[in-house]
Amino acid sequence: MPADFSALSPSEFEALSADLIGRALGIRFEQFGEGADGGIDGRHAPEAQSLTILQAKRYERSAISALKREMSKERAKIDQLAPDRYILSTSVAMTPQRKQDLVEICGPAIRSPGNIFGREDLEALLRAHPDIEEAHPKLWIPASGRTLKRMLHETLDEREGHLKPPSVLRALLPKPGIGGKVESEAETQRDTLFLVGARPDHDHFILWLGPKLEAHGYRVFSEILTLEPGDRWHKEIGVALEHRAAKVLAVAGAATRANDDAMDLIDRAKTLAASFGDTRLIIPLRIEEGAKIDGLRDATPADFARGWAEGLSKLLETLRRQGVTRRREHIAVAAQWDSFRKRGAVPLVREPESLVSNWIQILEMPDELHFYEAAGAVQTDVLKRRVRGLSFPAVAHERGVITFAAPPDVGESLEGVAKLRLRTSVPVVDAVEKGMPEIGVAGRDLSNMLTGLLRDGWERHCRNIGMVAYAYSNGDGFHVSPNQVAIGERVPWGRQGERRSSMLRNIARKHVWSYGVTAIPRNWPFWHFRLKARVLFAMDNNTEQGERIDDPKKMHRLRRSGCKGWRNKQWHGRLLAFLQIMSGDSAYIRVPLAPGQDMLLSSEPLLFTSPVSTALPDVGDPDAEEQDESTLGRPEADDDDAEPEGDGK
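Residues numbered from 1 in each chain as written. Predicted model: local features only at pLDDT ≥ 70, side-chain atom pairs only at ≥ 80, totals over all residues. Heavy atoms only, no water.

Looking at an unreviewed UniProt entry, the protein carries the name TIR domain-containing protein, with the source organism given as Pseudooceanicola atlanticus.

Shown next, in the form of structure tokens:
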């Protein structure tokens with residue numbers, strides 16, 4: 001199991017490195033407190049003429065470039081210290097070439113590549129010295145760490161003689177009857193839905209489904225609710241299943257077939273179903289397309305692969321139709337669901353943190369919105385067609401048109417269709433609240449028209465600068481085109497501090513992908529646009545634009561699989577690079593709304609301040625991540641139509 005060095009602070013990683021490497025070399029390193037260390041994280045100097053220096057550098061896995069830059073800066077300190085032996089410990093994964101590069105950077109004091117301990121070396125030392133891992137509890141991986149599991153089992157083994165099952169499980173076990181006999185099956189009530197899946201692969205789905213079933217009045221049990229290692233209570237769970245199961249809901253997937261504990265419970269349920277002659281006792285829950293469980297291939301599954309909400313609706317209907325007992329009153333959701341969810345939660349730190357949003361503020365727009373009405377006879381159908389073809393945003397309303405444009409521009413654009421006169425105008429600041437009472441348009445309706453005009457203006461501007469449009473279910477998205485950005489080209493962005501660059505078009509899994517956004521105007525709490533990130537795929541046919549894909553389902557699969565490796569910094573970088581394309585060299589994005597009247601948008605997303613932050617480290621090198629193929633959706637498989645792993649959203 002890989003160690004999670006990112007859970008350690010820099011000083012904790014230094015202490016771990018000193019313990020592990022000191023044990024391996026049979027020496028003791030001196031440790032020092034917080035503060036400037038002069039390039040010394042550990043020192044071994046048994047004699048005045050002998051000096052061994054340990055330096056520890058903790059980075060994310062892909063940060064080799066950042067490590068090289070840092071060690072280049074450290075070279076002067078190393079030469080000044082002139083140690084007899086210099087040892088470098090790092091959480092970055094190593095290769096022979098990487099070690100050789102670092103030897104050349106650090107100079108002769110490092111002697112040989114063997115004095116560089118990379119991620120793999122440290123993990124090997126942890127396996128060889130488990131007592132050191134025990135001394136650093138942040139390395140324990142919740143629910144599956146070797147050290148934590150072994151310590152729990154040792155503790156539980158000491159209590160084996162008088163250990164009782166958790167209360168949630170104990171409530172389902174047969175009760176002792178008269179004379180010490182266990183109550184018969186006739187005396188127990190089959191009222192419980194047993195959720196069976198592979199741990200921990202299906203934990204996310206079970207944590208979502210279990211509370212919802214309980215909220216509908218069903219009694220639900222899952223191994224998760226014991227809040228302790230499941231194999232400790234495997235026997236008791238089997239007994240409870242045999243006595244209390246109204247239905248067994250088995251999560252169908254490849255992970256289930258590979259999990260011995262889950263398959264053992266399903267086999268016991270199949271035996272139970274055969275003894276009852278109940279062919280509907282087990283209901284498979286299919287969360288992956290085509291997934292089945294051996295021995296249940298003829299059972300009709302509840303299909304969650306098309307959507308969890310849709311699957312839940314079908315499952316509830318099945319349970320109702322089959323008459324499964326559920327409570328109508330005193331419905332409660334077990335607190336253990338939330339307790340399990342919180343066990344792996346990231347701790348909060350009482351420090352404010354600035355967060356980059358996907359909102360860009362509208363800084364300026366025309367002062368007034370106008371309604372022009374036909375003065376004489378007019379064919380409304382003809383008027384509507386001409387309004388849709390105008391060169392500026394406008395919306396037809398009854399015998400007229402609502403727009404930002406001035407009277408001369410409206411009259412000239414609609415000449416020959418109708419003679420229009422200005423009937424009423426309303427300040428934009430009052431439009432949402434007051435509407436246009438003179439023509440009977442309420443504030444909400446006028447607000448919808450206004451946001452429609454702003455969105456129309458944005459989309460026209462995107463088309464005019466050469467963006468590629470794609471129709472999504474909730475509106476058009478606009479993507480950078482080959483004329484704007486070449487495949488693999490990095491777009492620089494950032495006006496303050498260190499500038500960065502991000503890719504907006506590249507090739508992954510034999511497909512050309514292009515980044516874009518759908519822009520949605522909003523008026524609360526102030527006028528702004530919310531930008532929804534989009535990624536458009538095309539077949540790679542050795543052209544800049546690729547071959548268009550017309551299958552929406554395939555496009556959806558590609559978005560889910562091809563982008564699932566992108567980290568937050570990359571999404572953030574692509575958004576800022578996109579806004580750089582939209583704004584050019586300006587600090588603003590200028591969008592025409594009518595002849596001579598523009599909307600001015602900020603080219604920088606709004607920052608929000610959270611009153612708390614998390615203890616997660618943020619030492620990754622964004623540029624190194626941008627070059628890491630694993631984050632660009634490039635898995636080893638070549639099957640273009642392979643189903644992606646579900647993300648539960």
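### With respect to the side chain of histidine 44
Our working rule: We count a stretch as a helix when DSSP gives it H or I for four or more residues in a row; a strand needs E for two or more, and each element gets its number in order from the N terminus. In protein, a polar contact means a hydrogen-donor-capable atom and an acceptor-capable atom, both N or O and within 3.5 Å, with residues adjacent in sequence counting only if both atoms are side-chain atoms; elsewhere, any N or O pair within 3.5 Å suffices. In this analysis, two residues are considered to be in contact whenever any of their non-hydrogen atoms come within 4.5 Å of each other.
Among the structural elements, histidine 44 can be located in strand E1 (residues 42-44). There is a polar contact of 3.0 Å between the side chain of histidine 44 and the backbone oxygen of arginine 28. Those residues in contact with histidine 44, other than ones at most four positions away along the chain, are Ile27, Arg28, Phe29, Ser50, Leu51 and Thr52.

### Considering helix H11 (residues 260-276)
Applicable threshold: Expected span of a helix, by definition, is 1.5 Å for each gap between consecutive residues, and there is one gap fewer than residues. A 1.4 Å probe rolled over the protein chains alone gives each residue an accessible area, and that area as a share of the maximum for its type sets the label: buried under 20%, exposed over 50%, partly exposed in between.
With 17 residues, H11 ought to run about 24 Å at 1.5 Å a step, and its terminal C-alpha atoms sit 24 Å apart, in line with that. Among the residues of H11, Ala262, Met263, Leu265, Ile266, Ala269, Leu272 and Ala273 are the ones counted as buried. The opening residue of H11, the one whose side-chain oxygen lies 3.1 Å from the backbone nitrogen of aspartate 261, is asparagine 259. Glycine 277 lies just past H11 and shows a positive phi near 70°.

### Focus on the sheet that holds strand E2 (residues 52-57)
Heads up, the rule is: At least two bridges found by DSSP between two strands are what make those strands a pair.
Spatial ordering of the open sheet is given by E1-E2-E3-E4, a layout of four strands whose pairing is mixed. The strands lining the two open edges of the sheet, one partner per strand, are E1 and strand E4 (116-117). Bridge count for E1 against E2 is three bridges, and the pairing is antiparallel. Following the sheet pairing, glycine 42 is matched in E2 by leucine 54.

### With respect to the packing of helix H8 (residues 203-215) against helix H13 (residues 335-343)
Inclusion rule: Here the axes come from fitting lines to C-alpha atoms, over the contacting stretch only for helices, and the angles between their N-to-C directions go from 0 to 180 degrees. By definition in this entry, angles of less than 35 degrees are roughly parallel, angles greater than 145 are roughly antiparallel, angles of 65 to 115 are roughly perpendicular, and the rest are oblique. The sense of a crossing depends on the near helix, which, turned anticlockwise from the far helix by less than a right angle, makes the crossing left-handed and, turned clockwise, makes it right-handed. In this classification, Asp, Glu, Lys and Arg are treated as charged, Ala, Val, Leu, Ile, Met, Phe, Trp, Tyr, Cys and Pro as nonpolar, and every other residue, Gly included, as polar.
Close contact between H8 and H13 brings their axes to 10 Å; oriented N to C, the two are set at 155°. Viewed along their axes, H8 and H13 adopt a mutual orientation that is roughly antiparallel. The crossing of H8 and H13 is left-handed. Contacts between H8 and H13 involve Asp203, Ile206, Leu207, Gly210, Pro211 and Glu214 on the former and, on the latter, Trp337, Phe340 and Arg341. Residues of the contact of H8 with H13, tallied by class, amount to five nonpolar, one polar and three charged.

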